[in-house]
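Residue-level structural notes
If you want the building blocks of each chain, they are given just below.
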Amino acid sequence: MLRCRPRSDGSGLNRLRYVAGLFAVFIDATVRRLAAVWRFLSAGKTAAARGGPGEGARRNLGRLGHLGLLLVGVAGVVLFLRTVHAHYPIPKWLFWIYAEVWLCTLACGAACLASGDLIVTGVLRWTAPLRERLLVSFAVGVFIFALGIFIVGLFHGLGAIFFVAWPLGLIAVGAVPLVRTIRRAARLLPHARRVAALPSWFGGVAMVFGLAGVALLYVNILTPGNLAFDSRWYHLAISEHYAAAGAVTRFPEGWFCGTYPHLASLLYTWAMLNPHGDLFTKIELAAHVEFLLFVVTLSGVGMLARWCVARGDVRIRNGWAALFLFPGILLYDSSLSVAADHVLAFWAPPLFLLLRRTVVRWNRSSAFLLGLIMAGAVLTKYQALYLLAVPVVAMCAVSIRAMRKAKGRGRVGFFSATEPLVVTGVAALALTTPLWLKNWIWYRDPVYPMLAKFFQATPWVPEADPDKLLQIANWTPQGPLLDRLSETLKAMFTFSFIPHDWWNLHGSVPVFGSLFTLSLPLLLFVKPRSRVLALASATLVGVGIWFWTYHQDRYLQVLLPWMAAVSVAVLAMAWRVGWTGRIAVAALVSAQVVWGGDVYTFPTHAMMGTQPAKGALDLVSSGFRKDWAAREGNMDLTAVAPLLPKGSKALLHERGTHLGLGAMSVADIPGTQAGISYAGLGSPRRVYDRLHRFRVTHVLWARSTIKAGTNLDDLVFFEFAENYTVRQVEVAGYVLGEMPSTPPPAVAEPRLVRAHICGSAKTVTVDQLDAALAGAPVVTSENSGPPAFQVVQTGCPTPSPDIQAPYRLLLTRDNYQMWGPRRP
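Reference entry: report on the structure contained in this document. (Residues numbered from 1 in each chain as written. Predicted model: local features only at pLDDT ≥ 70, side-chain atom pairs only at ≥ 80, totals over all residues. Heavy atoms only, no water.)

Okay, unusual backbone geometry next. A cis amide bond links Tyr448 to the next residue, Pro449, at an omega of 5 degrees. Here the residue pair Thr458 and Pro459 is connected by a cis peptide bond, since its omega of 0 degrees sits within 30 degrees of zero. By the element assignment, Pro459 lies in the loop between α16 (452-455) and α17 (466-470). With a phi angle near 55 degrees, His156 is a residue other than glycine that sits in the positive phi range. Considering the arrangement of structural elements, one finds His156 in the loop between α4 (130-154) and α5 (160-196). His156 sits in the exposed class, given a relative accessible area of 56%. (Helix = DSSP H or I, 4+ residues; strand = E, 2+ residues; numbered from the N terminus. Buried < 20%, exposed > 50% of the residue type's maximum accessible area, 1.4 Å probe, protein only.)

A rise of 1.5 Å per residue sets the reference length of helix α3 (residues 94-123), with its 30 residues, at 44 Å; its end C-alpha atoms lie 42 Å apart and thus fit the reference within 8%. Where α3 ends, the next residue or the one after it, Arg125, has phi of about 55 degrees, a positive value. (Expected span 1.5 Å × (residues − 1).)

A contiguous nonpolar patch, built from Leu437, Trp440, Ile441, Met450, Leu451, Phe454 and Phe455 and spanning about 710 Å² of accessible area, is present on the exposed surface. Of all elements in the fold, only α15 (433-443) and α16 reach the threshold of two or more residues within the nonpolar patch. It is α15 that provides the largest number of residues to the nonpolar patch, a total of three residues. Structurally, Met450 can be placed in the loop between α15 and α16. Using a relative accessible area of 37% as the deciding quantity, one classes Met450 as partly exposed. (Patch = residues over 30% accessible without salt bridge, like charges linked within 9 Å, V, L, I, M, F, W, Y side chains within 5 Å. Areas by Shrake-Rupley, 256 points an atom, 1.4 Å probe, with all protein chains shown as cover. Salt bridge = Lys/Arg side-chain N within 4 Å of Asp/Glu carboxyl O.)

Turning our eyes to something else, we now look at the environment of Ser677. Within the secondary structure, Ser677 sits in the loop between β2 (664-667) and α25 (678-681). For the pair Ser677 and Ala464, spaced 213 residues apart in sequence, the C-alpha separation works out to 8.8 Å. Leave out the neighbours within four places in its chain, and Ser677 touches Val461, Glu463 and Asp713. (Contact = heavy atoms within 4.5 Å.)

Moving on to the sheet that holds strand β9 (residues 807-813). In space, the five strands of this open sheet follow the order β7-β6-β8-β10-β9, with mixed pairing throughout. Every interior strand has two partners, whereas the edge strands, β7 (760-765) and β9, have only one. Averaged over all adjacent pairs, the angle separating strand axes in this sheet is 20 degrees, with direction ignored. Bridge count between strand β6 (residues 752-757) and strand β8 (residues 789-793): four bridges; the pairing is parallel. Looking at β8, one finds that Ala755 is bridged to Val791. Packing against the sheet, helix α27 (residues 711-724) makes contact with β6, β8, β9 and β10 (816-821), and its axis sits at approximately 130 degrees to β9. (Pairing = 2+ DSSP bridges. Axes fitted to C-alpha atoms, helices over the stretch in contact; angles between N-to-C directions.)

For the rest of this paragraph, the subject is the sheet that holds strand β3 (residues 698-701). Strands sit in the order β2-β1-β3-β5-β4 across an open sheet of five strands; the sheet is mixed. Every other strand in the sheet has two partners, leaving β2 and β4 (726-731) as the edge strands with one partner each. Averaged over all pairs of adjacent strands, the angle between strand axes in this sheet comes to 25 degrees, irrespective of strand direction. Across three bridges, strand β1 (residues 649-652) lies against β3 in parallel orientation. In the strand pairing of β3, Leu651 is matched with Val699. Each of β1, β3 and β4 is contacted by α27, which is oriented at about 115 degrees to β3, the strand it contacts most.

Moving on to the pairing of β2. Each regular strand displays side chains that alternate between the two surfaces of the sheet. Burial along β2 is two-sided: Met664 and Val666 facing one way and Ser665 and Ala667 facing the other are all buried. Note: β1 against β2, four bridges, orientation parallel. Directly across from Leu652, in β2, lies its bridge partner Ala667.

Moving on, we get to the state of the cysteines. Counted under the stated rule, the structure contains one disulfide. Each sulfur of the disulfide joining Cys758 and Cys796 lies 2.1 Å from the other. Its torsion about the S-S bond being -70 degrees, the disulfide of Cys758 and Cys796 is classed as left-handed. Separated by 38 residues along the polypeptide, Cys758 in the loop between β6 and β7 and Cys796 in the loop between β8 and β9 bring together distant segments of the chain. The exposure class assigned to Cys758 is partly exposed, which follows from its relative accessible area of 38%. Between Cys112, a cysteine without a disulfide, and Cys108, which holds the nearest cysteine sulfur, the sulfur-to-sulfur distance is 4.3 Å. When its relative accessible area of 2% is taken as the criterion, Cys112 is described as buried. (Disulfide = S-S within 2.5 Å.)

Grouped together as the largest cluster of nonpolar side chains are 174 residues, with contacts concentrated most on Phe145, Trp347 and Trp562. With 20 residues, helix α9 (residues 279-309) is the single largest residue contributor to this core. Non-local contacts of Trp347, meaning those with residues more than four positions away in its chain, are made with Ala139, Val142, Phe143, Leu263, Ile373, Gly376, Ala377 and Thr380. Counting 37 residues, the second-largest nonpolar core is a separate cluster that includes Val687, Phe718, Phe720 and Met739. (Core = buried A, V, L, I, M, F, W, Y, C linked by side-chain atoms within 4.5 Å.)

Turning our attention to a positive patch on the surface. Together, Arg125, Arg180, Arg183, Arg184 and Arg187 line one region of the surface with positive charge. Position of Arg183 relative to the elements: it lies in helix α5. (Lys, Arg positive; Asp, Glu negative; His and termini not counted. Charge placed at Lys NZ, Arg CZ, Asp CG, Glu CD.)

This brings us to the side chain of His605. Checked against the element boundaries, His605 lands in the loop between α22 (579-595) and α23 (612-620). The class for His605 is buried, based on a relative accessible area of 3%. At 3.2 Å, the side chain of His605 forms a polar contact with the backbone nitrogen of Met608. With residues up to four places along the chain from it excluded, the contact list for His605 reads Gly225, Asn226, Leu227, Tyr332, Thr610 and Pro612. (Polar contact = N/O pair within 3.5 Å; in protein donor to acceptor, adjacent residues only side chain to side chain.)

One pass over the full model with this rule turns up 35 aromatic pairs. Relative to Phe251, the ring of Tyr242 lies with its centre 6.2 Å away and its plane at 35 degrees, an arrangement referred to as tilted. Three or more aromatic residues joined by ring pairs form one cluster here, namely Phe145, Phe162, Phe163, Trp166 and Trp270. (Phe/Tyr/Trp six-rings, centres within 6.5 Å; stacked < 30°, edge-to-face > 60°.)

A few words on the packing of α9 against helix α11 (residues 348-361). Two elements in contact, α9 and α11, have axes separated by 9 Å at closest approach and are oriented at 35 degrees. Judged by the sense of rotation from one axis to the other, the crossing of α9 with α11 is left-handed. Taking contact as the criterion, the partners of Thr297, Gly300, Val301, Met303, Leu304 and Trp307 in α9 are, on α11, Pro349, Phe352, Leu353 and Arg356. Residue composition of the contact of α9 with α11, grouped by class: seven nonpolar, two polar and one charged. (Left-handed = near helix turned anticlockwise from the far one by under 90°. Nonpolar A, V, L, I, M, F, W, Y, C, P; charged D, E, K, R; others polar.)

Relative to the elements of secondary structure, Ser337 occurs in the loop between α9 and α10 (341-345). Contact partners of Ser337, with chain neighbours within four places excluded, come to Asn226, Leu227, Ala228, Ser231 and Glu290.

Given below as structure tokens:
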């Protein structure tokens, strides 16, 4: 179906303007066509006057037939559209969204390929087989695309004009060399067709299997509800923040998630800049950008597999399909969900292909490209360490070997032996400045907040604890060093049999795919083994680093392209051995396919509570059901967005997910940021000063939330929010208030609180409240002044005291009523 999404305000006037515009374009085109037909008929009359009797009439009759055919067809379309419009309004057809999304996605892909080919082929003159060169060019182009967004964002240049101009500009600049490359590819096309004209039955089955996997993944991304929690928390939320600011900005509260590597979020920022689409369209565009990178990753898997085999009598067709023999990719949260794991996996195939080119050629162009790909991986996620460990060691080893061979040649020999290593290192260091230099300037810690204590990072409050956010103890081996090493070595070969994931997802069911582990013993019986052993070793080292640092299953998606390439290469070589090898291959693949055949149906999506495919089908049927709310993707903040003027910055109190706000935001959850501690601030005046310094314009909170801080944090925040924010509005279960124009008055200190704990009462200073409620011994205050707060424990045998004016109930949480001063 066709669909045109109205503007985000959803007004009837905008829809009317849009339909009127479509009608005007249609009328103009029709008039032009009729004028052309009239000119054609007039020319026919003149020609008929020169011809024989009756010839002009026959020509005119034929032309009238063409005109009638055209008019009848147009009338049929108009009648059909008028009929179906009453059932499913044309402006609401989903087709318009997906057509726009695919057009923008293809423009993004063309921009990446054109700009990357310009650098790889035009500037560096790097040579390789066509498919490999196109893969590397696309990877370089993705880096350029994201880097441009970052640089322009630093100068506050992000906006609607940039959204259109950036991809078109890259296409225009790189169009000429790209066309030349395509022409060269066209000359090879007849040969490629002859080679692939009669694919083996195995290759045909692999293609069908792989295309089915791609289709299943694509169905998932059709709904914005497929977004993972982390996407709503920071990947896309950061993109929305940058788009709302029109710039790449510092997070003044020191939000940890905002300081991590975020190349994926930069790509998604371009999607969020779309001036025409609403949030649904922007999310779908970001999802399709991720899907495009995934498709390119599949091609890289096939190239790696062919390189591993490296024999004329062993030919791998459609080896990329082996990636779907790891069924965990079809399941939350390892699937495509607009996060960063698959964007990082995108760098894995070109990284290893460039590594082997560099160590063989040992020249500057290959070394520079290798450094660029390394930088792209580092800028995407810190988990890039899984991919970089072996390449760095290999480059150093080759350099040392080259220096040994160059003994006696003086400086020239030493320079030639170390130049590629230096070029790779310098390129990687320089091109990662958007991460470490930005953090150093903005937060005084190049990897903020990891080394905050060593670099005196700012902002930093005593309560800040990055380990609490990451839950390091839950996802790292514990105990003595030897025990941790033993556990890590064991996990390198058992990781696919023992799940390492959240208990509420797929539990103890192994879904990642064990084909990589089970194919490794086959290497003892097949030849040649050197190349596949090199890639398998690099993968195992990556698995070891994964388990040692943070062994959550979804991070293994980084290594999935390498695992799939190794698996298909080993299986292909085993198949070549004979009937015994074919039985072994058939048994392994069949067991894996049958076991993982139902993974796609698991209803374990944490954000949807069902299968994403079911959500996508519900979305597609929303037009029939007139359920337009199904297109919002379960994001409650979309109800708050219309209440925030342009340029707003909202403080989200104890709120994890930020996406849908349509504005800049500030986080205050303890352990996720290091700039706000309500207990440390202690008074409404200090809270106002801190938020005013962060340029907060609005405060959003819920009166019933999961407790994230201390009881003192609750008292201080809710006193400020309830008593001093102005023009409060309740929306979607939240309270939205504006920051006051003048600061609250100063209060006398120390502030006291009267704690009523099941019949007993004591007056303590506010900093002793949590200890008093926990039953710890505290020093009772002898100050005779009235306490600022009253805290009453509920559910006690004795009735709760009746708290009267001048107090008001601020909140009830964790069996406590918290009363504070009434609004001034």
